[in-house]
Amino acid sequence: DSGVTQTPKHLITATGQRVTLRCSPRSGDLSVYWYQQSLDQGLQFLIQYYNGEERAKGNILERFSAQQFPDLHSELNLSSLELGDSALYFCASSVGGVPEETQYFGPGTRLLVL
Amino acid sequence: SQKIEQNSEALNIQEGKTATLTCNYTNYSPAYLQWYRQDPGRGPVFLLLIRENEKEKRKERLKVTFDTTLKQSLFHITASQPADSATYLCALEGSARQLTFGSGTQLTVLP
């Protein structure tokens, strides 16, 4: 158990809908990362927050947004969902948010868009 | 463009043998490289980090080498066990100053 929690574990929704994925980092970690993993794309970095502020952005679609709250939990919002958004979404956390730190991954949210 | 390539999609070896996984990269100048293990449907788990000035690093049955001239890292598991079966990912710091992961090598250790 990494200490990172993600909810929900599974999500089934329809195209065009909006969903929110939630992540709680390990106790003491200030940085949260979001990744998308699909069969054909591998693990893709989406966005990073550090202590409430956006720190880095990867190939995150404009339909996706995220935020980190004062209690350090984070939410990833996915809107106008398309079939291709079906994937595993992982949240990871680290202490200080620098790239060489170990990242601790949560169990993931499996999203299926029908 | 930057690219991370991991050898073959799947590797099958016999229990007790040494598994060797390869990570090659182009258009990166990494100061370090990380290896993670991922089991099906679960999040990756950090295994080892090796820095550019370290030629080799060991942790129990794991050994990682890093050759910045060849732009390659090798990941070895000695005395492999069926429990070592998983996908192994290498990761480098990319242009967004974040970890960029390779597509992984799926290792199966046969009893």
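Draft legend 1. Quick peek at the overall build of chain B. Across its full length, chain B carries 0 helices and 11 strands. When the elements of chain B are put in sequence order from the N terminus, they spell out β-β-β-β-β-β-β-β-β-β-β. In terms of overall size, chain B behaves like a compact globule, its C-alpha atoms giving a radius of gyration of 13 Å where 111 residues would be expected to give roughly 13 Å. The dimensions of chain B, computed from C-alpha atoms along their principal axes, are 40 × 30 × 20 Å. Within chain B, the fraction of its 111 residues that count as buried is 44%. A sequence separation of at least 24 residues applies to 53% of the contacts in chain B between residues at least 6 apart. In the form shown here, chain B has an accessible surface area of approximately 5,600 Å², with 46% of it arising from carbon and sulfur atoms.

Draft legend 2. How the structure looks around the sheet that holds strand β6 (residues 56-59) of chain B. All names here are of chain B. Strand order in the open sheet formed by 5 strands is β1-β3-β8-β7-β6, with antiparallel pairing between adjacent strands. Strands with a single pairing partner mark the edges of an open sheet, and in this sheet they are β1 (3-6) and β6. Each strand of the sheet is rotated relative to its neighbour by a mean of 15°, with strand direction disregarded. Where β6 lies against strand β7 (residues 62-67), 4 bridges are found, and the strand directions are antiparallel. Bridging from a neighbouring strand, R58 pairs with K63 of β7.

Draft legend 3. Summary view of the confidence of the model for chain B. In the predicted model, chain B carries a mean pLDDT of 92, and the fraction of residues at 70 or more is 97%. Per-element confidence in chain B ranges from a low mean pLDDT of 90 for strand β10 (residues 99-101) of chain B to a high of 97 for strand β8 (residues 72-77) of chain B.

Draft legend 4. Looking closely at the interface of chain A and chain B. At the interface, 19 residues of chain A touch 18 residues of chain B. In this structure, the salt-bridge partner of R51(B) is E100(A), at a minimum N-O distance of 2.6 Å. Linking chain A with chain B are 6 residue pairs in polar contact (both at pLDDT 80 or more), by the criterion used here. Among the residues making up the side of chain A that touches chain B, the classes are represented as 10 nonpolar, 5 polar and 4 charged.

Draft legend 5. Looking closely at the state of the cysteines. This structure, assessed with the given rule, holds 2 disulfides over all chains. Bridging C23(A) to C91(A), the disulfide has an S-S length of 1.8 Å. Here the S-S torsion is close to -45°, and the disulfide linking C23(A) with C91(A) is therefore left-handed. On the criterion of sequence distance, the pair formed by C23(A) in strand β3 (residues 19-24) and C91(A) in strand β9 (residues 87-94) is long-range, its members being 68 residues apart. On the basis of relative accessibility, which here comes to 0%, the residue C23(A) falls in the buried class. Note on cysteine connectivity: C23(B) is disulfide-linked to C90(B), with sulfurs 2.0 Å apart. Its S-S torsion of approximately 70° makes the covalent link between C23(B) and C90(B) right-handed.

Calculation criteria
- Residue indices begin from 1 for each chain and proceed along its sequence in written order.
- Each chain is given a letter, starting from A, and each ligand a number, starting from 1, according to the order in which they appear as written.
- Owing to the predicted nature of the model, reporting of local features is limited to residues with pLDDT of at least 70; listing and counting of side-chain atom pairs is limited to 80 or more, with chain, interface and lining totals taken over all residues.
- As a convention, hydrogens and water are excluded, and side-chain values are obtained from all of the structure's heavy atoms.
- Strands here mean DSSP runs of E at least two residues long; helices mean DSSP runs of H or I at least four residues long; both are numbered from the N terminus.
- With C-alpha atoms as the basis for the radius of gyration, the globule rule is written as 2.2 Å multiplied by the number of residues raised to the power 0.38.
- In this scheme, a residue with accessible area under 20% of its type's maximum is buried, one over 50% is exposed, and one in between is partly exposed, where area comes from a 1.4 Å probe on protein chains only.
- Contacts are assigned to residue pairs that have any heavy atoms within 4.5 Å of one another.
- The method behind every accessible area is Shrake-Rupley, applied with a 1.4 Å probe, and residues are considered shielded solely by the protein chains displayed.
- Any two strands with at least two DSSP-identified bridges between them are counted as paired.
- Axes here refer to lines fitted to C-alpha atoms; in helices the fit is confined to the stretch in contact. Angles between the N-to-C directions go from 0 to 180 degrees.
- A residue's pLDDT is the predictor's confidence in that residue, given on a scale from 0 to 100.
- A pair is scored as a salt bridge if a Lys or Arg side-chain nitrogen falls within 4 Å of a carboxyl oxygen belonging to Asp or Glu.
- The term polar contact refers here to a pair of N or O atoms within 3.5 Å; inside protein, the definition further demands a hydrogen-donor-capable atom paired with an acceptor-capable atom, and it admits residues adjacent in sequence only when both atoms are side-chain atoms.
- Basically, the charged four are Asp, Glu, Lys and Arg, the nonpolar ten are Ala, Val, Leu, Ile, Met, Phe, Trp, Tyr, Cys and Pro, and anything else, Gly included, counts as polar.
- Criterion for a disulfide: a pair of cysteine sulfur atoms within 2.5 Å.

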